[in-house]
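The lines below spell out each chain.
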Amino acid sequence: MARILITSAIPYINGIKHLGNLVGSQLPADLFARYMRARGHEVMFICATDEHGTPAELAAAKAGKPVAEYCAEMHAVQKGLSDGFGLSFDHFGRSSSERNHELTQHFAGKLWENGYIEEVTERQVYSQADGRFLPDRYIEGTCPNCGYEKARGDQCENCTKQLDPTDLINPRSAISGSTDLEVRETKHLYLRQSLLKDRLEAWIDSKTDWPVLTTSIARKWLHDGDGLRDRGITRDLDWGVPVRRGGEPWPGMEGKVFYVWFDAPIEYIAATAEWADAHGLGEPAWRRWWRTDEGADDVRYVQFMGKDNVPFHTLSFPATIMGSGEPWKLVDYIKSFNYLNYDGGQFSTSQGRGVFMDDALDLLPADYWRWWLLRNVPENADAEFTWEHFQATVNKDLADVLGNLASRVTKFCRSRFGEAVPEGGTTGAFEAALIARLDKRVRAYEDHMEAMEIRKAAAELRALWAEGNEFLQEAAPWAAFKEDPARAAATIRLAFNLIRFYAVISRPFIPDASARLMAALRCEDWTWPDDVNRALTVLPAGHAFEVPEVLFRKITDDEREAWRARFAGGRG
RNA sequence: GGGCCCGUAGCUCAAUUGGUCAGAGCAGAGCGCUCAUAACGCUUUGGUUGGGGGUUCGAGUCCCUCCGGGCCUACCA
C-alpha cells in the first residue's frame, strides 16, 4: 500500500466557479484520489479556498460585507458545491486559517534567515479615493502607444503593448474611476528565487515524465529575459497573512500582508494541519505527509492544476520550500491542464457566459457532468463544451451503453426468473473468453489511471461497458431461455456480476451511479477486480436484487436548446 | 516582439523511443435481435495524416519553410 498526497489548485474565493475551473484541477484530482483509494492506497486529498488578495476585498465591498464575513460565506458555498459534485476532499480548508498564518510566517522567517528574502523600496500608485494601493491592472488610462482609452496599467488590451502604470495618459482607478492618484514609496519583500535558479532548473530537468505543458512553462520562466526573476511576496492590504518573521514582528513591514501567491500554496500544507485539527489528531498525523524527516519520504505527492498556475507550482512554491532549508515534501508529479472553452468562446465569469457549478447541479446530477468533463478533459489541447456534444455523449455512453445494460439485465431476470440472481447452468469457454477480454481491458484501464491519462482511461472504461452488451447479445438469454433455461440462468448470473464489476470500476468517474447500482444489487463489496474471474462470482445464485430506477435519463433536444439559450450570457 | 502547443476520416480524438499505425467513438448506410431507457449487436462507406521541400532502407512520428488555430509572457489570481 502506497501513500499518496494529492492537492488540487485552490479555487479563488470571489464567486462560484464555472465548469472550466472545475475540470482544470479539482475534478481530475478527485478522479485520481478516488481511484487510488479504490486500489487500497492511503490517500490524503487536499483542497481549500484561496481567500486573500485585492479581488476578494473588492468582491466583499461589492457585496457590502466585511471581507472576513464574505469569505466565510463564499467558502461555505464553494464547499457545498464541491460536495454536490462529489469531490472527495479529505479536507477543504481556507487559506485564511490560523494554521496558514503560522506556516506562512514560519516560511518567511526561514527564508529571511537563509538570505532568500530581500527588502525593496519601490514606488506604487496609491488611490486616495479608494484608500488603497492599486495593482497595475486596476489602473486604467489612455494607451501612450495606440491611444486606446481603456488600457490597463500592466498592458494595453488593444495593442498588446506592455505598460507601466506611470506610462498611462490620464490614469484613473479602475475601481472607483477616481483620478486622485499619486505615486508613493512603499517597502516590500521579494523572494530571491533567482538565487535558486540552478537548483530549480536541475530539479525540473530531472522530471522527464512530466507533461510537456508543465515543463515547458517552467523552462520559459527560467529562461525568459534575464532568467528567473525575483518576486514580490507582500502587499499593502488589510486582508491577508500579516508580515512577520516566524513569531517575531518584521520591522518596517507593519500593516502589510503576504501576497496571496506566497501563502496560497503553503495552504496545501496548512490545510493538512487543519485536517488533523478537525479530527482531533496531533502534529505527527499531518507532518508525516509533509516532512520527509517525519515519515513523508515514502509519500508520492501529485498536484493538479490549470496551466495558468504552473509557474507558481514549478518555481515559486518549490523555491519557498528549498529556501526554507527544511525537509518539506516537494511535489513528485504535476498534472496540468489546458482550458475548457464554451461553445465557441471562453467561459466568462464577468459576462456570465457558460455553465457554472451551481447551474450545472441545478440541471442534472453530478455524474452527467463528471463523465462528460473527464472524458473530454483538456489534457493535450484546449477543449470545447457544446450542448450537442454533451447531449450526444451523455445519452450514448451513460444512458444507452451503461444504464440500459443494467435495465435489460435486471428486467429480464425479474420477468423470467424473479428478483433474485438465478441458479443453475454453468459457464464455459464463451464466458472464459469474455473474462479474458475484460481482464485485458481492466489492466489497460488501471495503467491509464495510474499514468493519469484520463481521456484514455475514460475510453477504456466505456469499452468495458460495451463488452457487456456484446456479451449479452451473443449469449442471447432471451432465446436460450426457451430451450435451455439453465443456460440462460448462467448468462444472467454472470451479467449481474458484470454490473457489479462495472459499478466498482466506474466509481471514480460516476460515484453516485455506482452507488445506486450497488444498492440495487444489495451489495456492499467494493473489492477491486484484481482477479476478474473471481470478481464475476461475488453475487451468488439466490442473491436478491431490485430493479433500479433509470440510471441515466436522456437529455432531450428541447432541453438542449433551452439550456443553450439560457447560458449564452448575461447571467445574473 | 519572444516562447510554447496544435492542425489525422463529416464531428471529437488515438497512434510506445520513426518500422503493418493509418485506428476508435459519434454521425451516415445495410443487416440482425427483441431482454432493454426506439435501447443492443454485426457489417460497412469515409483520410495521398494543413501545403511544399528535405533526412532515412522506411515519417502523422525528425529537420526547414509556408498557411491556419490556440496559449503564455511574471505583482488578477
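Residues numbered from 1 in each chain as written. Chains lettered and ligands numbered in written order. Predicted model: local features only at pLDDT ≥ 70, side-chain atom pairs only at ≥ 80, totals over all residues. Heavy atoms only, no water.

Points about the packing of aromatic side chains
Each aromatic ring pair is summarised here by two numbers: the centre-to-centre distance and the angle between the ring planes. Where we set the bar: Only the six-membered ring of Trp is used, alongside the rings of Phe and Tyr, when aromatic pairs are assigned; centres must lie within 6.5 Å, and planes under 30 degrees apart are stacked while those over 60 apart are edge-to-face, with the rest tilted. A run of H or I in DSSP becomes a helix once it reaches four residues, and a run of E becomes a strand once it reaches two; helices and strands are each numbered from the N terminus. Type-normalised accessible area, obtained with a 1.4 Å probe on protein chains alone, sets the label of each residue: buried when under 20%, exposed when over 50%, and partly exposed for intermediate values. Only lysine NZ and arginine CZ atoms are considered, and such an atom sits over a ring when it is within 6 Å of the ring centre and within 35 degrees of the ring normal.
Enumeration according to the criterion identifies 36 aromatic pairs in this entry. Seen in terms of ring centroids, tryptophan 372 and phenylalanine 390 are 6.5 Å apart; in terms of plane orientation they differ by 75°. Their pairing is edge-to-face. Highlighted residues: tryptophan 372 in helix α11 (residues 366-375) and phenylalanine 390 in helix α12 (residues 387-416), separated in sequence by 18 residues. Across the pair, exposure class does not vary: tryptophan 372 and phenylalanine 390 are buried alike. Feature note: the residues Tyr342, Phe347, Trp369, Trp372, Phe385, Trp387, Phe390, Trp563 and Phe567 constitute an aromatic cluster, connected by ring pairs. Taking the ring centre of tyrosine 259 as reference, the NZ or CZ of arginine 235 above it sits at 3.8 Å. If you follow arginine 416 out to its NZ or CZ, it ends over the ring of phenylalanine 481, 5.8 Å from the centre.

Quick look at the side chain of arginine 231
Filter applied, for reference: We treat Lys and Arg as the positive residues and Asp and Glu as the negative residues; His and chain ends play no part in the count. Whenever Lys or Arg places a side-chain nitrogen within 4 Å of a carboxyl oxygen from Asp or Glu, that contact is recorded as a salt bridge. Residues are treated as being in contact if the distance between any of their heavy atoms lies within 4.5 Å.
If you trace the backbone, arginine 231 turns up in strand β10 (residues 231-232). Of the side chains bearing the opposite charge, aspartate 230 lies closest to the buried arginine 231, which forms no salt bridge; the N-O distance is 10 Å. Not counting residues up to four positions away in its chain, the partners in contact with arginine 231 are Leu189, Tyr190, Leu191, Gln193, Trp221, Tyr259, Phe312 and Ser316.

Brief notes about unusual backbone geometry
A positive phi is found at asparagine 170, a non-glycine position, where the angle reads about 50°. By the secondary structure assignment, asparagine 170 is in strand β8 (residues 169-173). Exposure remark for asparagine 170: the relative accessible area of 55% places this residue in the exposed category. You will see that alanine 476, though not glycine, has its phi angle at about 40°, which is positive. Positionally, alanine 476 belongs in the loop between α14 (454-475) and α15 (477-483). Judged by its relative accessible area of 15%, alanine 476 is buried.

Some details on the layout of surface pockets
How we decide: Every definition here rests on a 1 Å grid over the protein atoms only: cavities are sets of points where a 1.4 Å probe fits but cannot get out, pockets are open sets enclosed by protein on both sides within 12 Å along at least five of seven lines, and lining residues have some atom within 4 Å of a point. Grid points are joined across faces, edges and corners, and a volume is the space filled by probe spheres set on the points. For the domain bounds, the source is a domain assignment made automatically or taken from a database.
Each pocket or cavity is described by its volume, and for the second largest pocket that value is around 210 Å³. Along its surface, the second largest pocket is lined by Pro211, Val212, Leu213, Tyr333, Lys335, Ser336, Asn338, Glu379, Asn380, Ala451, Met452 and Glu453. With three residues, strand β16 (residues 333-337) is the single largest residue contributor to the lining of the second largest pocket. Among the domains, domain 1 (3-114 + 192-337) and domain 3 (394-535) are the pair contributing at least three residues each to the lining of the second largest pocket.

Describing the sheet that holds strand β17 (residues 340-342)
Working definition: the strands of a sheet are paired by backbone hydrogen bonds and lie parallel or antiparallel to each other. For clarity, the threshold we go by: When DSSP finds two or more bridges between two strands, those strands count as paired.
With respect to topology, three strands assemble into an open sheet ordered β18-β17-β19, the strand pairing being mixed. Strand pairing shows two members of the sheet lacking a second neighbour, β18 (345-346) and β19 (383-385), which therefore form its edges. Judged from the two bridges that link them, β17 and β18 form a sheet pairing that is antiparallel. Within β18, the residue paired with tyrosine 342 across the bridge is glycine 345.

Digging into helix α19 (residues 557-566)
The periodicity of an α-helix, 3.6 residues per turn, causes residues three or four positions apart to be oriented the same way. Going by this rule: By definition, the arc is the one covered by directions from the helix axis to the C-beta atoms.
Listed as buried for α19 are Glu559, Arg560 and Trp563. All buried residues of α19 project into a common sector of 100° when viewed along the axis, lining one side. Opposite the buried face of α19, at more than 90 degrees from it, the exposed residues are Asp558 and Ala565. For α19, the secondary structure elements touched by its buried residues are α10 (357-363) and α12.

Some details on the protein's contact with RNA strand B
Applicable threshold: If a single non-hydrogen atom of a residue is within 4 Å of a molecule or strand, that residue counts as near it. Here a polar contact means two N or O atoms within 3.5 Å. Within protein one must be a hydrogen donor candidate and the other an acceptor candidate, and residues neighboring in sequence count only if both atoms are side-chain atoms. For this classification, the nonpolar set comprises Ala, Val, Leu, Ile, Met, Phe, Trp, Tyr, Cys and Pro, the charged set comprises Asp, Glu, Lys and Arg, and every other residue, Gly included, is treated as polar.
Surrounding RNA strand B, one finds 52 residues, the nearest of these being Asp50, Arg235, Asn404, Arg408 and Lys411. Counted by atom, the contact set of RNA strand B within 4 Å of the protein is 65% sugar and phosphate. Taking glutamine 473, its side chain carries an N or O atom lying 3.1 Å from a base oxygen of RNA strand B. Secondary-structure elements contributing two or more residues to the surface near RNA strand B are α2 (54-63), α6 (212-223), α7 (260-278), α12 and α14. When residues of the surface near RNA strand B are assigned to their parent elements, the largest contribution, ten residues, is made by α12. Of the residues that constitute the surface near RNA strand B, the class distribution is 18 nonpolar, twelve polar and 22 charged.

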